[in-house]
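The chain contents come next:
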Amino acid sequence: MSYARPCAVLFAAMTLQTGHTAEFGAYELNTQIDLRAVVVDTPYESFTEGGLGLLRFDESHDGLRLGRAMLNARGPLTETLWADLTLSATGDHAAHAVDLTEASVEWRPYPRNSLRFKTQLGAFYPPISLENRAIGWQSAYSLSPSAINTWIGEEIRTIGLQQSVTLRGAAIQQPFDVTLTAGVFGYNDPMGVLIFQRGWALHDRQTTLFDGLPRPFTSPSGDTHIEFFREIDHRPGYYVGAEYRYQDRHAVRALHYDNRGDPAKNDGKDSAWRSRFDSIGWRSEFADTTLIAQAMLGDTAVGASTDGRGRFILEYWSYFILASQRLGAHRFTARYDRMYTDTERGATFFDSDQTATAWTAAYLWDIDPHWQFAVEAIEIDGSLRQRAALGQPTDADERLLQLAIRLSL
Amino acid sequence: MFCESRARWHRRLLLLLVGAAAISAARSAELTVEVLDPQGQGTVDVVIVVTPETLPPHSTASATIDQVRKAFVPQISVIRVGTAVTFPNSDPVAHQVYSFSPAKRFDLPLYRGRPYAPIVFDQPGIVILGCNIHDQMIGYIYVTESPYFGRTDARGRLILRNLPAERVRVTAWNPYLSEQPPEQTADLRSDGRLSFRLTRSPRAPRKAIDPRLREY
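Below or above, wherever it landed, is the structure these notes cover. (Residues numbered from 1 in each chain as written. Chains lettered and ligands numbered in written order. Predicted model: local features only at pLDDT ≥ 70, side-chain atom pairs only at ≥ 80, totals over all residues. Heavy atoms only, no water.)

## Focus on the overall build of chain B
When its secondary structure is counted, chain B shows one helix and 17 strands. By residue count, 45% of the 216 residues in chain B fall in the buried class. Taking all contacts inside chain B whose residues are at least 6 apart in sequence as the whole, residues at least 24 apart take part in 63%. (Helix = DSSP H or I, 4+ residues; strand = E, 2+ residues; numbered from the N terminus. Buried < 20%, exposed > 50% of the residue type's maximum accessible area, 1.4 Å probe, protein only. Contact = heavy atoms within 4.5 Å.)

Structure representation (structure tokens):
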């Protein structure tokens, strides 16, 4: 089976690490094996196979699949310096059976007043998602995150430095916390190519640091594989964000992100894409009910142009609303996603245009602290105009039903 | 001679008994304190401190604040000045307990299981506890000069016994009250009940940490 090897490697690593746990008591180790049974109804080949299907699996994948094998290790290097590392295996066409999705060190000095400073260096997710809060950046509410956070998992990683400062309300006996974050990063220049070629998608496959995805449309240089985490133009990107939390029940998060790519630069394999967006999200947690909404608006550009803005410019936006109800060990989630892309410039050469909606229904059952059972149904309805360039119907419904059994240790 | 000294001895014994009775009478006062929100519902976990004019001398006391499922247990404690507090960690993960509150600043570097030597809280005030690894872990210690204190139960009530039967000041404190109620006075020779009426409902405590979730 295609996932036998990564599983074996991860379990071997886990066994090895468990031996260390006793020695270094402060280390936290979490491993998870997620096995799926999937049934798909779509006329398209999945983007994981190089197609223009928006789901992780297509009809050729019907049957048993590996969802993810994951190992997260976290522990102190010194009293205030923490290392965090996540290894993943997806069991598909990945170049490496096991690869990193995140690897960083974080400096957490002891607070000396109501301000809390944190500095993170390495490869990690910027603070955008309000769904992906389970270990390994997994959604806590469904198997597949929203279109927005699916895209973050595909194309975005901070490979750089992040500094945050939090005014901790607890220290001044107030019910709120306010955090300001800024990040500087490199090695994310191809970011934008996938949303340009394929549009938004819905799945839980996170791109690993040393791998990529098949390119739905071959590049002018003949390249058929996207590697997302590369530096092409030697210009660092940045983001600034803010978060307001009330009683740890309600959170609002905003982020402005700009990779400052130079769309005129190309290193022979790929171009630098200028990608920027604004994201705003809100989450409220009542006793057993969680509501989340998030919206993102941005653009990406590539290719030399006289005005420097790029030969192709794609505008994209998406939003979702999610409601989740916990009943003891059972969780029920419903989510509505709206996805939109539009080629503002260069449409006569390549017309990337997506208008789609999606419904996701998920049921998660924590059988015990180690075993989780999950069922998820996704229906995506809409059009993707660039499918016509491959002689495929532009409009079709795509449906996925997946059952997961997850063992966490 | 013998009779005289015997009479004196009797007088002394009588005085001693009267004195003891007076002291025991002085210590026998009881006070029931009630904290009610604007809707008349009892407010839980409000620290109540009864302070008499003269405080008895300090005695060595100890207390324990545990860490369970990434939370301080109890979350709100009240102790007397001079109390030695032990901070065991019952979690499988390590914690780093700290306080930067003026009443007591300390750090307990990374540890699991066996606690450090107890920390002696030698000044009155409110000490806010944190964990440098888990930012959502918050605990409160109210350190007071008086040995007469407690916390209200789920019905918002607290009964304090063995109080000195004299004029006392009574304070109420809870971190979730947007306005701390004003201090009251009571004469425990006549008053046996006292109630604090909050002008605003207390805030709900912060949401408890789900140990399976991380900050991303």
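## Here we look at the interface of chain A and chain B
The partner chain B presents 34 residues to the 49 residues of chain A that form the contact. Carbon and sulfur atoms make up 43% of the area that chain A and chain B hide from each other, which totals about 3,600 Å². Among the residues of chain A in contact with chain B, Tyr110, Gln173 and Asp248 of chain A are the three that bury the most area, contributing 17% of the side total. Connecting chain A to chain B are 10 salt bridges. In this structure, Arg214 of chain B and Glu28 of chain A form a salt bridge, with 3.7 Å as the shortest nitrogen-oxygen distance. (Buried area = accessible area lost by both parts, 1.4 Å probe. Salt bridge = Lys/Arg side-chain N within 4 Å of Asp/Glu carboxyl O.)

## Examining empty space enclosed by the protein
Residue and element names in this part refer to chain A. One pass over the full model with this rule turns up six cavities of 30 Å³ or more. Taken as a whole, the largest cavity spans an internal volume of roughly 110 Å³. Lining the largest cavity are 17 residues, and of these Trp137, Leu143, Pro145, Asp204 and Gln206 lie nearest its centre. In terms of residue class, the lining of the largest cavity is made up of three nonpolar, nine polar and five charged. (1 Å grid on protein atoms, 1.4 Å probe; cavity = no way out; pocket = protein on both sides within 12 Å on 5 of 7 lines; lining within 4 Å. Points joined across faces, edges and corners; volume = space filled by probe spheres on them. Nonpolar A, V, L, I, M, F, W, Y, C, P; charged D, E, K, R; others polar.)

## Focus on the sheet that holds strand β6 (residues 76-80) of chain B
Residue and element names in this part refer to chain B. On the basis of which strands lie adjacent, the open sheet formed by five strands has the order β6-β12-β11-β8-β9 and mixed pairing. The open sheet has two free edges, formed respectively by β6 and β9 (104-111), since each of these has just one partner strand. Adjacent strand axes in the sheet meet at a mean angle of 25° when their direction is disregarded. Bridging between β6 and strand β12 (residues 138-144) involves five bridges; their strand directions are parallel. Each residue of the ladder has a partner; that of Ile76, found in β12, is Tyr140. (Pairing = 2+ DSSP bridges. Axes fitted to C-alpha atoms, helices over the stretch in contact; angles between N-to-C directions.)

## What about the nonpolar core?
Trp151, Ile152, Trp200, Phe277 and Ile380 of chain A are the most contacted members of the largest nonpolar core, which has 59 residues in total. Among the elements that line this core, the one with the most residues is strand β16 (residues 312-327) of chain A, at five residues. The residues touching Ile152 of chain A, leaving out its near neighbours within four places in the chain, are Tyr125, Ile128, Trp137, Arg157, Phe277 and Met296 of chain A. Ala26 of chain A together with Ile65, Val97 and Tyr111 of chain B belong to the second largest nonpolar core, which has 25 residues in total. (Core = buried A, V, L, I, M, F, W, Y, C linked by side-chain atoms within 4.5 Å.)

## A look at the sheet that holds strand β7 (residues 83-86) of chain B
Residue and element names in this part refer to chain B. Strand order in the open sheet formed by three strands is β3-β7-β10, with mixed pairing between adjacent strands. Looking at strand neighbours, the two that pair on one side only are β3 (62-64) and β10 (119-121), the edges of this open sheet. Sheet twist, expressed as the average angle between the axes of neighbouring strands with direction ignored, equals 30°.

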